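Read off the chains here:
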Amino acid sequence: MFKKKIISVLMLAVLVVSVCSAKPAKADGKAKAGKQVPMPAWVNVPSSVYPSGTYIAAVGSARDRASAEVKAVQAVAAVFKQKIDSTEKASNRMIQARKDGTVATAQLAEFDQQVLRYVNADDLIGIEIKEFWNDEKNSTWYAIAVMEKSKAASLYSDLIRANISSINRMIGGINENTIDSYAYCDFAVEVAEKNEDYYARLSVINPAMAEAVKADMVSPKKLRVRAMEIANAIPVCVVIENDVDGRFAQAFAGVLKGIGFKTTFNPDVRYMISGKVSFEESKTTDNTNVRCRYSLDSYMTDTVTGRNVIPFTISGRESHTSYSEAKVRAVREIEKKITAEFGETLRNYTKQFSD
């Protein structure tokens, strides 16, 4: 039954929105006969060509065309008071879900790679680079980025509604206190947060359309509370073979507790994290130091289904003049990696979106 629900998520007909081509629609500022093209009116007064009632437009200038394009796009994106750089990265599960079509996203047309390096992809939705002009006398390029309000409003409205449908299907997969139910709910939080971002943008472009979708939106705060309730009802037993004073099991327990799960010494529970740590001594080629190679292989296992749900593996090596000190360093590094990486591995659990 649960597998059918998994499949139903993947069969969601997801809207894929095409954003208008970013190729310049008009001349690039160079006259055919080699003469300077006169300065277009939009350089100083964008609204003279792209009326503010219909468009959001901004001009960027720089020594090269690509940089001018970046500045123009950033200026339009700044209207939404959003991040206008490309440093924000989607989670692995969001990337996979968009790739699989579980979550709606927009297809961006041919923006220069420099724009994609400096501008967040979500800030490019609905934006076109309409025209360029090269002021050869002053060695300056100008670009105008334009967002047609009605078209962009439709894009955002459709993205929101498609993601609402996806969220509701994820919520439909929550039927008991299981890791799968937790993962559905926790990922629904992320999609709902993305929808709030889209809603904020739509509110700027077309308040009436934003109001029309508001009633159907799902609160990420309520979903987060539900995810915590599920996590709190799932005890997990951690057993690590060759542990060092229980430090690795404690590191796993700390991560689980931070997310909201409970840990127990009782092995008669549905979920167990079981693993094995190994250490191996070796010497450097110049025989001045001793290495301690380490590896941890572990799984979170569903004892009811017998399925290894979440694999987690780390390895590395530490060096010192003595093996005992190298091993001390290796133990610290294992603890550090469990604390830093296992939580993300658990949060990025996406089996239910890719089966």
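For every chain, the first residue of the written sequence is number 1, and numbering continues from 1 along that sequence. pLDDT decides what is reported in this predicted model: residues at 70 or higher carry local features, side-chain atom pairs at 80 or more are listed and counted, and totals for whole chains, interfaces and linings draw on all residues regardless. With hydrogens and water stripped out, all remaining heavy atoms of the structure feed into the side-chain values.

## Focus on the layout of surface pockets
- With a 1 Å grid laid over protein atoms only, a set of points is called a cavity when a 1.4 Å probe fits there but cannot get out and a pocket when it is open yet has protein on both sides within 12 Å along at least five of seven lines; lining residues have an atom within 4 Å of a point. Grid points are joined across faces, edges and corners, and a volume is the space filled by probe spheres set on the points. In this structure, the second largest pocket encloses a volume near 210 Å³.
- The wall of the second largest pocket is formed by 14 residues, among which Arg-93, Tyr-182, Asp-186, Val-189 and Arg-347 lie closest to the centre.
- Segments assigned H or I by DSSP are reported as helices when at least four residues long, segments assigned E as strands when at least two residues long, and all are numbered from the N terminus. At the level of secondary structure, the elements contributing two or more residues to the lining of the second largest pocket comprise helix 6 (179-205), helix 8 (220-232), helix 9 (247-259) and helix 10 (323-347).
- Considering every element that reaches the lining of the second largest pocket, the biggest residue donor is helix 6, with 4 residues.
- Residues were grouped as follows: Ala, Val, Leu, Ile, Met, Phe, Trp, Tyr, Cys and Pro as nonpolar; Asp, Glu, Lys and Arg as charged; and all remaining residues, including Gly, as polar. Residues that form the lining of the second largest pocket fall into these classes: 5 nonpolar, 3 polar and 6 charged.

## A look at the pairing of strand 2 (residues 55-62)
- A simple rule labels every residue: compare its accessible area, found with a 1.4 Å probe on the protein chains alone, to the largest value its type can have, and call it buried under 20%, exposed over 50%, or partly exposed in between. Here strand 2 shows a clear split, with Ile-56, Ala-58, Gly-60 and Ala-62 buried on one side and none of Tyr-55, Ala-57, Val-59 and Ser-61 buried on the other.
- Bridge count between strand 2 and strand 5 (residues 140-148): 8 bridges; the pairing is antiparallel. Looking at the pairing, Ile-56 lines up with Met-147 of strand 5. Think of it this way: DSSP has to see at least two bridges between two strands before they count as a pair.

## Side note on the nonpolar core
- Throughout, nonpolar core names a set of buried Ala, Val, Leu, Ile, Met, Phe, Trp, Tyr and Cys residues whose side chains join them through atoms within 4.5 Å. Formed by 52 residues in total, the largest nonpolar core has its most connected members in Phe-261, Phe-279 and Ile-338.
- No other element matches helix 6, which puts 10 residues into this core.
- The contact rule is simple, with two residues in contact once any of their heavy atoms fall within 4.5 Å. Sequence-distant contacts of Phe-261, that is, excluding residues within four places in its chain, are made with Ile-179, Tyr-182, Ala-231, Ile-234, Val-236, Leu-256 and Leu-346.

## Quick look at the sheet that holds strand 7 (residues 262-264)
- Pairing within the open sheet is mixed, and its 5 strands lie in the order 7-6-8-9-10. The open sheet has two free edges, formed respectively by strand 7 and strand 10 (307-320), since each of these has just one partner strand. The mean angle between the axes of side-by-side strands here comes to 25 degrees, regardless of whether they run parallel or antiparallel.
- One ladder, built from 13 bridges, connects strand 9 (residues 290-302) with strand 10; its direction is antiparallel. Counterpart to Tyr-294 in the pairing with strand 10 is Gly-316.
- Its contacts with the sheet put helix 10 on strand 8 (271-283), strand 9 and strand 10, and the angle it makes with strand 10 is roughly 145 degrees. Axes, fitted as lines to C-alpha atoms, cover a helix only where it is in contact. Angles between the N-to-C directions of the axes lie from 0 to 180 degrees.

## Digging into the confidence of the model for the protein
- Looking at the protein, the pLDDT average stands at 84 and 80% of residues meet or exceed 70.
- Per-residue confidence from the prediction method is given by pLDDT, with values spanning 0 to 100. Taken as a whole, residues 1-25 scores under 50 in pLDDT and shows 69 contacts with residues more than four places along the chain or in a different chain.
- Below a pLDDT of 50 lies the segment residues 351-355, which in the model reaches 17 contacts outside its immediate sequence neighbourhood of four places, other chains included.

## A few points about the pattern of salt bridges
- Salt bridges are defined by distance alone: a side-chain nitrogen of Lys or Arg within 4 Å of a carboxyl oxygen of Asp or Glu. As enumerated under the stated definition, the model contains 12 salt bridges in all.
- With its nearest N and O atoms 3.7 Å apart, the salt bridge here joins Glu-148 to Lys-151.
- The shortest N-O distance in the salt bridge between Arg-270 and Glu-176 comes to 3.9 Å. With Arg-270 in the loop between strand 7 and strand 8 and Glu-176 in the loop between helix 5 (149-172) and helix 6, the pair connects residues that are 94 residues apart, well separated along the chain.
- Via salt bridges that share partners, Glu-176, Arg-270 and Asp-302 belong to a single interconnected network.

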